[in-house]
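Given next are the chains, with one letter for each unit.
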2 protein chains.
Amino acid sequence: MPMTLSVAREQTQRPSMTHFVQPTGISASDESPASTSLGFHLRQLQPFSTRQHFDRNETIFLEGEPAKRVYRVISGMVRVCRHAPNGARHIADFVLPGELIGFGEFAEHPYSAEAVTPATLTAYTRTSFERLTSSTPAVRAQLVSLLTRTLLATQQQLFVLGCQTAKQRLASFLLRLADRTDVTAGERLDLAMGRLDIADHLGMTIETVCRAIAALRDARVLTVPNSHQLILNDLRALRALSTAQ
Amino acid sequence: MPMTLSVAREQTQRPSMTHFVQPTGISASDESPASTSLGFHLRQLQPFSTRQHFDRNETIFLEGEPAKRVYRVISGMVRVCRHAPNGARHIADFVLPGELIGFGEFAEHPYSAEAVTPATLTAYTRTSFERLTSSTPAVRAQLVSLLTRTLLATQQQLFVLGCQTAKQRLASFLLRLADRTDVTAGERLDLAMGRLDIADHLGMTIETVCRAIAALRDARVLTVPNSHQLILNDLRALRALSTAQ
DNA sequence: CGACCCCTTGACATGCATCAAAGGGAGTGG
DNA sequence: CCACTCCCTTTGATGCATGTCAAGGGGTCG
């Protein structure tokens, strides 16, 4: 269902001085420490970078395409996903502003990337990215750190899919999203992605996602102002769910 | 259930010349190209290495322990797993001879490691391992490569757990195991791990694993000489299963 | 030979998928 | 500004795959 691949390129050429490295993996949870570092170094790559805008559901790159660029999300949300032959879709992760896409070391993208919302990204050529990562030891260490954190997040998701029920998966998902977007109890948590996206990320159907949300709502664990915003009232209950069994 | 942590150390001190680096991740699919490289470089670390033997079900290290060593499996099989508070267990991956454990960049092991069979491992101090990885650019690149491959394997498993049915999961598992152990159609595939291990790895119950094996056996896709060996008769059917849906 | 452990199979229960239909919300055209 | 349409969400009814509970089988070790 995801769409065409259009590109609006704005050459943002500025001679900077250092390389800013970020791994081209699936979804780089580019948190404070490493994100800061990598983001900082990536600035050096501005002369080799391009700013691109994508509409909702637009394809950024397709699985199997040569991995010629590393992307950094500036605004909006991106999903990293794979389409099975039979039409099934698996969303490996959602990518938030500041995080990197495609920083892994592979010749062809193992996953597709699509815009969940209208999104702006900075694209760095892989050549310059690799030059940056191989130049400075500190930058290389940050790449390793980012890869490690991405691996840990992926393994955590593996545990979620392997051991948890529908409600528990939803709780885990919401807690991680709230954590990544710095939303706490009582505040509005933005669900930029649709129910189907959540379902394909958690290995459930859209109906089950709806029912799980309804169940948590009925249990007063969360409030649903509208379908794209949630208020997490009871973080303890959510944590109990995501931790337990 | 997994056991105590005993250690039989045989100091294997030999002054080698180069550092042999391997990432301390969950399970390092240390395939030919990178494995060769990393294995080669790790030889340099022999002066800082220890050979240890573990009995079946013995704990090599526990989740949460400080990650002071990087291990390389010499013989036997190891499982990398996590124990949930309620007793549930999740096996992130099995580690085969030649592969590394604990090569990720973290202060504490995010997972436990336990011997599936009696196993011999070489332990390298993290200090020397990191010295090796930071010294040579080539070695560092191999670490990045290993991390990337581990990440890809983990994401593949994520897809398996997120989108596939019991029979499909089993097919995917068997194909990967056969591939990693260089077993082809008609040959005996060794299942060193028990049914429960497979179940905890695939997010199923032991009964469902048994039934899935029985179903494939009844469909003549595989033969079951005994419970610890399989013969994959019809790779096409297995591939169709693991690919489809 | 006996005990233990793991595997296997059966019977039943249930969580989730599937099928179906109705209820918003946003954008478009009248 | 309202009405229509489309898309997504929500809820209900039903079925199935897998989990759960239970019992028996086979191999291995002492």
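Each value, and the rule that gives it
- Residues numbered from 1 in each chain as written.
- Chains lettered and ligands numbered in written order.
- Predicted model: local features only at pLDDT ≥ 70, side-chain atom pairs only at ≥ 80, totals over all residues.
- Heavy atoms only, no water.
- Salt bridge = Lys/Arg side-chain N within 4 Å of Asp/Glu carboxyl O.
- Helix = DSSP H or I, 4+ residues; strand = E, 2+ residues; numbered from the N terminus.
- Buried < 20%, exposed > 50% of the residue type's maximum accessible area, 1.4 Å probe, protein only.
- Least-squares fit on C-alpha atoms with pLDDT ≥ 70 in both.
- Contact = heavy atoms within 4.5 Å.
- Pairing = 2+ DSSP bridges.
- Axes fitted to C-alpha atoms, helices over the stretch in contact; angles between N-to-C directions.
- Near = heavy atom within 4 Å.
- Polar contact = N/O pair within 3.5 Å; in protein donor to acceptor, adjacent residues only side chain to side chain.

If you walk through the whole model with that rule in mind, you get 20 salt bridges over all chains. When the shortest N-O distance is used, the salt bridge between glutamate 63 of chain A and arginine 82 of chain A registers 3.8 Å. Of the two residues, glutamate 63 of chain A is situated in the loop between strand E3 (59–61) and strand E4 (69–75) and arginine 82 of chain A in strand E5 (residues 78–83); the sequence distance between them amounts to 19 residues. Its relative accessible area of 36% is what places glutamate 63 of chain A among the partly exposed residues. Given the relative accessible area of 15%, arginine 82 of chain A is considered buried. We note a salt bridge from arginine 217 of chain B to aspartate 218 of chain B, for which the minimum N-O separation is 3.2 Å. Taking relative accessible area as the criterion, aspartate 218 of chain B reaches 55% and is therefore assigned exposed. Overlapping salt bridges, with partners in common, bring together Arg79, Arg89, Glu114, Asp197 and Asp200 of chain A in one network.

Rotating chain B by 180° and moving it 0.0 Å along the rotation axis overlays it on chain A with an RMSD of 0.0 Å. Viewed as a symmetry operation, the transformation between the two copies matches a two-fold axis. A share of 100% of the interface residues of chain B reappears at the interface of chain A, consistent with the copies meeting face to face through the same patch.

Residues and elements named next belong to chain A. As summarised here, the arrangement of the 4 strands in space is E3-E8-E5-E6, forming an open sheet in which the pairing is antiparallel. At either end of the open sheet lies a strand with only one pairing partner, and these are E3 and strand E6 (89–95). For this sheet the average axis-to-axis angle between neighbouring strands, irrespective of direction, equals 35°. Pairing analysis gives 2 bridges linking E3 to strand E8 (residues 112–115), with the strands arranged antiparallel. Residue pairing for E8: phenylalanine 61 is matched across the bridge by alanine 113. Of the strands in this sheet, E5 and E6 touch helix H5 (residues 195–202), which is tilted by about 105° from E6.

Glancing now at the pairing of E5 of chain A. All names here are of chain A. Counting buried residues along E5, 5 of its 6 residues qualify, which places the element largely inside the surrounding structure. One ladder, built from 6 bridges, connects E5 with E6; its direction is antiparallel. If you follow cysteine 81 over to E6, its bridge partner there is isoleucine 91. Once E5 ends, the chain turns through 5 residues before running back antiparallel as E6, passing glycine 87 with a positive phi of about 100°.

Turning our attention to the protein's contact with DNA strand D. As a structural note, the neighbourhood of DNA strand D is formed by 19 residues, with Arg195 and Arg211 of chain A together with Ala166, Thr208 and Arg211 of chain B the closest of them. Within 4 Å of the protein, the contacting atoms of DNA strand D are 63% sugar and phosphate, with bases supplying the remainder. A distance of 3.2 Å separates a phosphate oxygen of DNA strand D from a polar side-chain atom of threonine 205 of chain B. Of all the secondary-structure elements, those providing two or more residues to the surface near DNA strand D are H5 and helix H6 (206–218) of chain A together with helix H6 (206–218) of chain B. At 6 residues, H6 of chain A tops the list of elements feeding residues into the surface near DNA strand D.

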